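Observations on the three-dimensional arrangement
Listed below, chain by chain, are the residues.
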Amino acid sequence: MRVFLTGATGFIGTFLVPELINAGHQVVGLSRSDAGAEVLARAGAEVFRGDVNDRDRLRTAAEAADGIIHAAFNHDFSNLRQNSEDDRKVIETLGEVLAGSDRPLVISSGTGLARSKTGAPVIETDDHVTAAEFPRAATEEAADALIAKGGRVMVMRLSQVHDTRHQGRITHHVRLARQQGRVAYVGEGRNRLPAVHVSDAVRLYRLVLEKGQAGARYNAVGEDGVALRDIAEVIGAGLKMPVESITPEAAQDYFGGLANLVTIDLAASSALTRQRLGWNPTGPDLLTDLRNMDY
Ligand SMILES: NC(=O)c1ccc[n+]([C@@H]2O[C@H](COP(=O)([O-])OP(=O)(O)OC[C@H]3O[C@@H](n4cnc5c(N)ncnc54)[C@H](OP(=O)(O)O)[C@@H]3O)[C@@H](O)[C@H]2O)c1
């Protein structure tokens with residue numbers, strides 16, 4: 001398949017390019033920089049230069065593709081609402097190009113946007129929060145709109161994707177600990193974060209592209225939930241810093257913009273995803289990667 005990949009130069013994209021090429025696909029990777037273009041070309045991808053928010057460029061690339069994986073996102077959280085609304089427009093544009101065809105579109109989202117119906121870990125069929133509640137859900141709403149029109153659209157709900165260099169939100173925890181000379185978790189720290197190794201996440205992207213069911217959500221979850229206290233202990237050992245429980249009231253001071261996230265349980269399951277696609281995560285777990293990180 002000739003696959004147009006947005007976000008090809010990002011953390012996940014960098015692993016997804018070889019995953020797709022090794023499986024026999026042709027990859028056309030979007031890049032907005034010379035440096036990104038060079039990396040993509042070296043990895044064996046065709047480079048399509050452009051910004052994801054340039055509708056005409058996006059349409060041109062999408063029209064020439066047999067399938068699309070959309071993994072670009074601007075993670076400047078100080079502009080989360082605008083960036084999320086931009087993402088809605090990107091998805092609308094890709095959907096317009098693919099309308100009426102059976103060419104697949106795989107959209108990137110997060111398990112944290114799903115709302116558990118039962119209080120148990122979120123599952124693939126759980127609804128998502130609204131963009132009014134949390135701006136990033138604009139992506140899920142845009143996917144809903146295309147699915148309602150009959151598009152072959154699948155949503156990847158990613159948990160915390162990690163290797164020994166990148167751990168998304170956890171990277172911020174490490175930065176905060178460095179700034180404050182101690183590693184904190186809230187209360188008993190039993191609330192959990194789901195996680196998946198990047199090698200497993202990209203294998204799932206490929207399986208979803210190749211055989212995902214139109215309209216389905218898939219949870220990229222290797223571990224249902226890793227307790228924040230366990231994460232703090234490993235970071236503390238790595239940084240050689242004390243590890244402390246703090247109260248929910250003190251969380252704002254320590255965690256700033258992350259304060260809400262560190263007090264809730266975000267556990268997620270991938271049982272349906274494994275069953276439907278035969279996906280079996282085998283990569284290292286989050287704590288192993290954190291232990292092997294170069295602090
Ligand atoms: N990593 C995780 O743990 C995680 C968890 C949940 C959901 N997700 C979602 O998975 C997707 C991929 O995540 P990631 O970790 O790979 O993100 P990332 O490392 O931040 O990469 C973002 C990618 O988007 C590209 N991009 C951003 N703005 C762009 C623009 N205006 N035009 C063209 N390209 C643009 C970046 O290009 P440049 O290289 O030019 O900057 C980069 O390739 C995102 O939707 C993310 O929200 C990730």
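Residues numbered from 1 in each chain as written. Predicted model: local features only at pLDDT ≥ 70, side-chain atom pairs only at ≥ 80, totals over all residues. Heavy atoms only, no water.

Quick look at the site of the ligand now. Around the ligand, 21 residues are found, and the nearest of them are Thr9, Arg32, Val52, His75 and Arg136. Here an oxygen atom of the ligand sits 3.5 Å away from a polar atom, N or O, in the main chain of Gly7. Within the contact set of the ligand, a nitrogen atom lies 2.9 Å away from a backbone nitrogen or oxygen of Val52. Look at the ligand: alone it shows 900 Å² of surface, and the protein chains cover 80% of it. Secondary-structure elements contributing two or more residues to the shell around the ligand are α1 (11-22), β5 (105-110) and β7 (160-162). When its residues are assigned to classes, the shell around the ligand shows nine nonpolar, nine polar and three charged. (Near = heavy atom within 4 Å. Polar contact = N/O pair within 3.5 Å; in protein donor to acceptor, adjacent residues only side chain to side chain. Areas by Shrake-Rupley, 256 points an atom, 1.4 Å probe, with all protein chains shown as cover. Helix = DSSP H or I, 4+ residues; strand = E, 2+ residues; numbered from the N terminus. Nonpolar A, V, L, I, M, F, W, Y, C, P; charged D, E, K, R; others polar.)

When you line up the elements, Gln167 lands in the loop between β7 and α6 (169-180). Among the polar contacts made by the side chain of Gln167, one reaches the main-chain carbonyl oxygen of Asp163 at a distance of 2.9 Å. Residues contacting Gln167, with those up to four places away along its chain left out, are Gln160, Val161, His162, Leu286, Leu290 and Met293. (Contact = heavy atoms within 4.5 Å.)

What follows covers the sheet that holds strand β3 (residues 46-49). Read across the sheet, seven strands follow the order β3-β2-β1-β4-β5-β6-β10 without closing on themselves; strand pairing throughout is parallel. Bordering the open sheet on either side are β3 and β10 (217-220), each of which pairs with just one other strand. Taken over all neighbouring pairs, the strand axes of this sheet differ in orientation by 25 degrees on average, direction set aside. Two strands pair when backbone bridges link them, and β5 and strand β6 (residues 153-158) are joined in this way by six bridges, in the parallel orientation. Residue pairing for β6: Leu105 is matched across the bridge by Val153. Strands in contact with helix α7 (residues 198-211) are β1 (2-6), β4 (67-70), β5, β6 and β10; relative to β6, the strand with the most contacts, it is inclined by about 165 degrees. (Pairing = 2+ DSSP bridges. Axes fitted to C-alpha atoms, helices over the stretch in contact; angles between N-to-C directions.)

Let's shift gears to the packing of aromatic side chains. Enumeration according to the criterion identifies three aromatic pairs in this entry. Ring centres 6.2 Å apart and planes at 70 degrees place the aromatic pair Phe4 and Phe48 in the edge-to-face group. Here the residue Phe4 occupies a position in strand β1, and Phe48 occupies one in strand β3, the gap between them amounting to 44 residues. For Phe48, a relative accessible area of 13% corresponds to the buried category. Here the aromatic rings of Tyr254 and Phe255 are separated by 4.6 Å at their centres, their planes lie at 65 degrees, and the arrangement is edge-to-face. Over the face of the ring belonging to Phe73 we find Arg136, whose NZ or CZ atom lies 3.6 Å from the ring centre. (Phe/Tyr/Trp six-rings, centres within 6.5 Å; stacked < 30°, edge-to-face > 60°. Buried < 20%, exposed > 50% of the residue type's maximum accessible area, 1.4 Å probe, protein only. Lys NZ or Arg CZ within 6 Å of the ring centre and 35° of its normal.)

What follows deals with the pattern of salt bridges. The tally for this structure, following the rule as stated, stands at 21 salt bridges. Of the charged contacts in the structure, one is a salt bridge between Glu85 and Arg88, with a shortest N-O distance of 2.8 Å. Residue Glu85 and its partner Arg88 are both found in helix α4 (residues 80-98); the two are separated by three residues, about one turn of the helix. With relative accessibility at 26%, the residue Glu85 sits in the partly exposed group. Residues Glu210 and Arg206 are paired through a salt bridge, measuring 3.1 Å at the closest nitrogen-oxygen approach. Here Glu210 and its partner Arg206 are both found in helix α7, four residues apart, which amounts to about one turn of the helix. Classification of Glu210 as partly exposed rests on a relative accessible area of 30%. Looking at Arg206, the relative accessible area reads 16%, which means it is buried. (Salt bridge = Lys/Arg side-chain N within 4 Å of Asp/Glu carboxyl O.)

This part takes up the side chain of Arg157. Along the chain, Arg157 falls in strand β6. Reaching out from Arg157, the side chain makes a polar contact with the backbone oxygen of Asp126 at a distance of 3.1 Å.

This next bit is on the domain arrangement of the protein chain. Think of interface size as the accessible area that goes away when the parts come together; that is how it is often given. Split by domain assignment, the protein chain resolves into domain 1 (2-160 + 195-222) and domain 2 (164-194 + 224-267 + 283-291). Look at where the C-alpha atoms of domain 1 and domain 2 centre, and you get two points 27 Å apart. Counting residues at the interface gives 14 residues for domain 1 and 15 residues for domain 2. Summing the contributions of domain 1 and of domain 2, the shared interface buries around 1,100 Å²; its carbon and sulfur component is 60%. For the domain 1 face of the interface with domain 2, the top three residues by lost area are Gln160, Ala195 and His197, together amounting to 46%. Between the two partners, domain 1 and domain 2, sit zero salt bridges. Along the contact surface separating domain 1 from domain 2 lie five residue pairs in polar contact (both at pLDDT 80 or more). Residue assignment for the side of domain 1 that touches domain 2 shows that the elements contributing at least two residues are α1, β9 (192-197) and α7. Classifying every residue of the side of domain 1 that touches domain 2 by side-chain character gives six nonpolar, seven polar and one charged. (Domains from an automatic or database assignment. Buried area = accessible area lost by both parts, 1.4 Å probe.)

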